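So the chains spell out like this:
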Amino acid sequence: MKVITRFAPSPTGYLHVGGARTALFSYLYARHHGGQFELRIEDTDTERSTEASVNAIFEGMNWLGLEHDSEVKYQSKNLARYHEVIEQLLANDQAYYCDCSKARLDEMREAQMKKGEKPRYDGKCRNAGLEKSADTIIRFKTPQSGEVHFKDGVRGDITVANAELDDLVIARADGMPTYNFSVVIDDADMGITHVIRGDDHINNTPRQINIYKALDLPVPEFAHVPMILGDDGARLSKRHGAVSVMQYSDDGYLPEAVLNYLVRLGWSHGDQELFSKAEMIELFDLSGVNKAPSAFNTTKLNWINQQYLQQADDLRLVGLVQKRLETLGVHLPTELNLTQVVEMFKERAHTINELVDLGLFLLQPLDGYDEKAEKKAFKESAIEPLQAVIAKCEAIDDWAGADLHQLIADVVAELEVGFGKVGMPVRLALSGQAQGPANDEIMQVLGKDETINRLQNALSYLTEKFS
Ligand code: GLU
């Protein structure tokens, strides 16, 4: 049997972390078994569905590289098919019109809750033989005895007595089919063999199985993946930071790192942490999916991203750094070599954005000096070393080939002072900070003109300060 899975988001927002993780598991399951992965947009809720959200879902899937095999299916374009099946159910006495008012249903629900019962429809219209009218909805005749059993790919055996289930609404008064109905028709029509989805749907599954059975359709396998919690144990929400997948792109994460992070949210293979996409496909199976909810952990995401940054091709990182600089509105001096900046910080940064922050002092003019560092490094005694370094810099013709470390060492030797008496003011003059990469590396990246320019600026600043 060929495995066919799907991701079936409702387009009512961006692609969030939970959705992306569900999509990834469905994707990996299909790829692992040499099957197909499909995308279906569940947009029958016309009030909440938006085109912007559909595009955000495409964008997120695309960024993560979760490619689907067939054309995207839209539920909103499949209404005729749902109506055809609903007519069939009505004709077979497997569904019926119901005109119970909202007030009656509310009252009933309240009374049931007061008695500590599960709210459920009492079946008033089940055998009333009502005809269609402006405000009739359509309910499915759930079997009144027996039970539904399925073996969940994650949770194991699940059995629910039909007596626990009520007659669920399959079409609203405006004729729109409900989720629990249309999902069955589509999964069946698309030949879905494995429904992998969030466990917020686990209570829907027995209801859906009853519809499959009523229509004599083959019932797929189901696997419900546990939800994702925030670092604090509460259900993951906006409060925990970025929940939209594309926010991670904006925040400077690499898609393969986010994908790697997502696969580890609820799935494991021994204690391995890093997985290429090919490895995920090779190793993924439902047996590795945890039953317990998994907690989001930003520190781990950052660690994973750092691992991928270190391995990433410098040219690619330069492109991403450029994009980030554009977003920040930083215009680069043309002579600046971004590859050197990337090389300088890629070991230390967790994200592209952090890399840019670390390197920003190289990429744009300094906007002052760190106050604490200034007290230590910009004393009157710093004037002479700065002058000496400037003079030596000016004398260099081949900057790229120059030994700039030696240049500073020579000044130290000539002035007969400690290394810090030269090194500290030079670092502050060049970077505005007390800490960072080695002076000679900074000078190399800045180039001769900008190095001298910054040293001169510091010198003028100091001369004025002590005049
Ligand atoms: N549209 C549903 C959702 O976004 C899909 C549920 C399912 O996968 O069956 O929750």
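Residues numbered from 1 in each chain as written. Predicted model: local features only at pLDDT ≥ 70, side-chain atom pairs only at ≥ 80, totals over all residues. Heavy atoms only, no water.

*Asks:* With reference to specific residues and values, describe the overall build of the protein chain.
*Replies:* Counting its secondary structure elements, the protein chain contains 18 helices and 12 strands. What you see for the protein chain is a C-alpha radius of gyration of 32 Å, clearly larger than the 23 Å of a compact globule of 467 residues, by over 25%. Counting only C-alpha atoms, the protein chain reaches 105 × 45 × 40 Å along its principal axes. By the burial criterion, 50% of the 467 residues in the protein chain qualify as buried. At a minimum sequence separation of 6, the contacts of the protein chain that also span at least 24 residues come to 75%. Summed over all atoms, the accessible surface of the protein chain reaches about 22,600 Å², with 48% contributed by carbon and sulfur. (Helix = DSSP H or I, 4+ residues; strand = E, 2+ residues; numbered from the N terminus. Rg over C-alpha atoms; globule rule 2.2 N^0.38 Å. Buried < 20%, exposed > 50% of the residue type's maximum accessible area, 1.4 Å probe, protein only. Contact = heavy atoms within 4.5 Å. Areas by Shrake-Rupley, 256 points an atom, 1.4 Å probe, with all protein chains shown as cover.)

*Asks:* Any details on the side chain of Arg-264? Residues and values, ideally.
*Replies:* When you line up the elements, Arg-264 lands in the loop between α8 (255-263) and α9 (277-283). Engagement of the side chain of Arg-264 in a polar contact is seen with the backbone oxygen of Trp-267, the distance being 2.7 Å. Not counting chain neighbours up to four residues away, the residues in contact with Arg-264 comprise Gln-272, Glu-273, Phe-275 and Lys-300. (Polar contact = N/O pair within 3.5 Å; in protein donor to acceptor, adjacent residues only side chain to side chain.)

*Asks:* Please give an account of the packing of aromatic side chains that cites residues and values.
*Replies:* Taken as a whole, this structure holds 12 aromatic pairs when the rule is applied. Arranged with centres 6.4 Å apart and planes meeting at 80 degrees, the rings of Phe-345 and Phe-361 form a pair that is edge-to-face. In this pair, Phe-345 sits in helix α12 (residues 338-345) while Phe-361 sits in helix α13 (residues 352-363), placing the two residues 16 residues apart along the sequence. The pair Phe-345 / Phe-361 is uniform in exposure class, with both members buried. Members of the aromatic cluster, joined through ring pairs, are Phe-25, Trp-267, Phe-275 and Phe-284. When the ring centre of Tyr-74 is taken as origin, the NZ or CZ atom of Lys-77, which lies over that ring, is 4.3 Å away. Positioned above the aromatic ring of Tyr-121, the side-chain terminus of Arg-139 is 3.5 Å from the ring centre. (Phe/Tyr/Trp six-rings, centres within 6.5 Å; stacked < 30°, edge-to-face > 60°. Lys NZ or Arg CZ within 6 Å of the ring centre and 35° of its normal.)

*Asks:* Give me the site of the ligand: which residues, what numbers.
*Replies:* All residues in the neighbourhood of the ligand are listed as Arg-6, Ala-8, Pro-9, Ser-10, Glu-42, Tyr-179, Val-183, Arg-197 and His-201. Between the ligand and the protein, one listed contact pairs an oxygen atom with a side-chain N or O atom of Arg-6 at 2.5 Å. Residue Arg-197 places a side-chain N or O atom 2.8 Å away from an oxygen atom belonging to the ligand. Alone, the ligand offers 300 Å² of accessible surface; in the complex the protein occludes 81% of this. A breakdown of the residues in the shell around the ligand according to their chemical character gives four nonpolar, two polar and three charged. (Near = heavy atom within 4 Å. Nonpolar A, V, L, I, M, F, W, Y, C, P; charged D, E, K, R; others polar.)

*Asks:* Talk me through the pairing of strand β2 (residues 36-41); I want residue IDs and the actual numbers.
*Replies:* Of all the six residues making up β2, six are buried; the element is thus mostly covered by neighbouring parts of the structure. Side-chain alternation along β2 places Gln-36, Glu-38 and Arg-40 on one buried face and Phe-37, Leu-39 and Ile-41 on a second face that is also buried. One ladder, built from two bridges, connects β2 with strand β3 (residues 73-74); its direction is parallel. Bridge pairing in β3 places Arg-40 opposite Lys-73. Note on the crossover from β2 through helix α2 (residues 51-64) to β3: the handedness is right-handed. (Pairing = 2+ DSSP bridges. Right-handed = clockwise from strand over helix to strand, strands pointing away.)

*Asks:* Please give an account of the sheet that holds strand β8 (residues 169-171) that cites residues and values.
*Replies:* Sheet architecture is open: three strands sit in the order β4-β5-β8, paired in antiparallel fashion. Two strands close off the open sheet at either side, each with one partner strand: β4 (95-98) and β8. Shown here is a sheet whose adjacent strand axes are inclined to one another by a mean of 45 degrees, direction ignored. Sheet topology places β4 next to strand β5 (residues 137-140); four bridges connect them, and they run antiparallel. When the bridges of β5 are listed, Ala-95 appears paired with Phe-140. (Axes fitted to C-alpha atoms, helices over the stretch in contact; angles between N-to-C directions.)

*Asks:* Residue-level account of the pattern of salt bridges, with values.
*Replies:* Two side chains carrying opposite charge are able to pair once their charged atoms lie near each other. As enumerated under the stated definition, the model contains 27 salt bridges in all. One salt bridge in this structure joins Glu-117 and Lys-115, with 3.9 Å as the shortest N-O distance. Take Glu-117: its relative accessible area is 39%, and that puts it in the partly exposed class. Between Lys-151 and Asp-157 there is a salt bridge, with the nearest N and O atoms lying 3.9 Å from each other. According to the relative accessible area criterion, Lys-151 is exposed, its value standing at 55%. Among the ionic contacts, a cluster of salt bridges with common partners joins Arg-6, Arg-40, Glu-42, Asp-186 and Asp-187. (Salt bridge = Lys/Arg side-chain N within 4 Å of Asp/Glu carboxyl O.)

Read these as layout, nothing more, since geometry by itself doesn't imply function.
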